[in-house]
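Report on the structure
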Amino acid sequence: MPESNVTCSSCGQKHTVAIYPSINVSSNPELKEKVVDGEVFVTECPHCGHRDLLKYNMLYHDPEGKLILCLSDTEFHSDGMEGYTCRLVADAGSLIEKIKIFDAGLDDITMEICKLVTCQELGKEVELRFFKMEGADNELIFTYPENGGMQMVSVGFNVYEDCAGIVKRNPQMVQGASGLARVDRQWLSAYIG
C-alpha cells in the first residue's frame, strides 16, 4: 500500500500515512466500509492527536455493482468501461454519497433532481447529501450542514419516483451522463434551469 508524507495542520510535524489510490472492493471487501465511513480520508497525527482530512486521487472499483468512481480534479477518458456506471467526483464526501446511492439501488441522476426539489421545498440553498433509505416506505434521508451541525430531512419515495419520471422523459440527461461524467448539481443545471 502506498504511503504519503503529510504535515499536521495543528502542530506542523510531519508523519507518514497510508493512502489508497486504487480500491477494488471485490479484491479488498474490507476497504469498502473504510471508504464509506471516511476512515481512508482521515489521518491522526501521532505527535499531537489532531485529525486532518487527507486529499488524494482515488479509483474506486466495484466489479459486482459495475461501478467505477474516480476521485480526481483531472478530467480523463473512460475508454473500455462499457457496461459500467462511471462517475467523476471532486471530493471524498461526493465519493461516499455515490457509493451509498448505488448501493441502495438508486440512480444518481434522479437523486440530483430529488435533491434540487427538496432544497426548493425547504426554501434553503443547502448542499444535501444522500444518507440512507429507510423504513417500509423507503423514505430517503438527506443530511445538510446548518448552524455548525448536521441536519436531517426525510423525503417520501414518491418524490424520487416523480424525479425518475423526469429523467425518463429527458433521455438527453442519461446520454449526458455516459462515459466518465461528473453528475452533480452543476451538471444538472445544464438540463434544469
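Figured I'd write up the structure that's included with this text. (Residues numbered from 1 in each chain as written. Predicted model: local features only at pLDDT ≥ 70, side-chain atom pairs only at ≥ 80, totals over all residues. Heavy atoms only, no water.)

1. As for the pattern of salt bridges
In this structure the tally under the stated criterion is twelve salt bridges. Residue R87 is joined to D108 by a salt bridge in which the shortest nitrogen-to-oxygen separation is 2.6 Å. One end of the pair, R87, is in strand β8 (residues 85–89); the other, D108, is in helix α3 (residues 108–122), with 21 residues separating them in the sequence. On the basis of relative accessible area, D108 is assigned to the buried category, the value being 0%. Note that R129 is salt-bridged to E127, the shortest N-O span being 3.0 Å. By relative accessible area, R129 is classed as buried at 19%. Assessed through its relative accessible area of 49%, E127 is described here as partly exposed. (Salt bridge = Lys/Arg side-chain N within 4 Å of Asp/Glu carboxyl O. Helix = DSSP H or I, 4+ residues; strand = E, 2+ residues; numbered from the N terminus. Buried < 20%, exposed > 50% of the residue type's maximum accessible area, 1.4 Å probe, protein only.)

2. Section: α3
With 15 residues, α3 ought to run about 21 Å at 1.5 Å a step, and its terminal C-alpha atoms sit 20 Å apart, in line with that. With eleven of its 15 residues buried, α3 lies for the most part within the structure. Within the span of α3, buried status applies to D108, I109, T110, M111, E112, I113, C114, K115, L116, T118 and C119. Positive backbone phi, approximately 70°, marks G123, located one or two places after α3. (Expected span 1.5 Å × (residues − 1).)

3. Digging into the sheet that holds strand β3 (residues 22–24)
Whenever strands of a sheet pair, they do so through backbone hydrogen bonds, lying parallel or antiparallel. Judged by pairing direction, the sheet is mixed, and its five strands sit side by side in the order β3-β6-β7-β8-β12 without closing on themselves. Each of the sheet's edge strands pairs with one partner strand only, and the pair in question is β3 and β12 (180–181). One ladder, built from three bridges, connects β3 with strand β6 (residues 58–62); its direction is parallel. What sits directly across from I23, in β6, is Y60. (Pairing = 2+ DSSP bridges.)

4. A short note on the nonpolar core
Judged by nonpolar contacts, the single largest core of 25 residues is most densely connected at M111, C114, L140 and F142. Counting only elements with at least two residues in this core, the list comes to α3, β10 (139–146), β11 (149–155), α4 (157–169) and α6 (185–188). Top contributing element to this core by residue count: α3, with six residues. Setting aside residues no more than four positions away along its own chain, C114 makes contact with L140, F142, V155, V159, Y160 and C163. In terms of nonpolar packing, the next biggest core, distinct from the first, is built from 21 residues, I23, F41, Y60 and V89 among them. (Core = buried A, V, L, I, M, F, W, Y, C linked by side-chain atoms within 4.5 Å. Contact = heavy atoms within 4.5 Å.)

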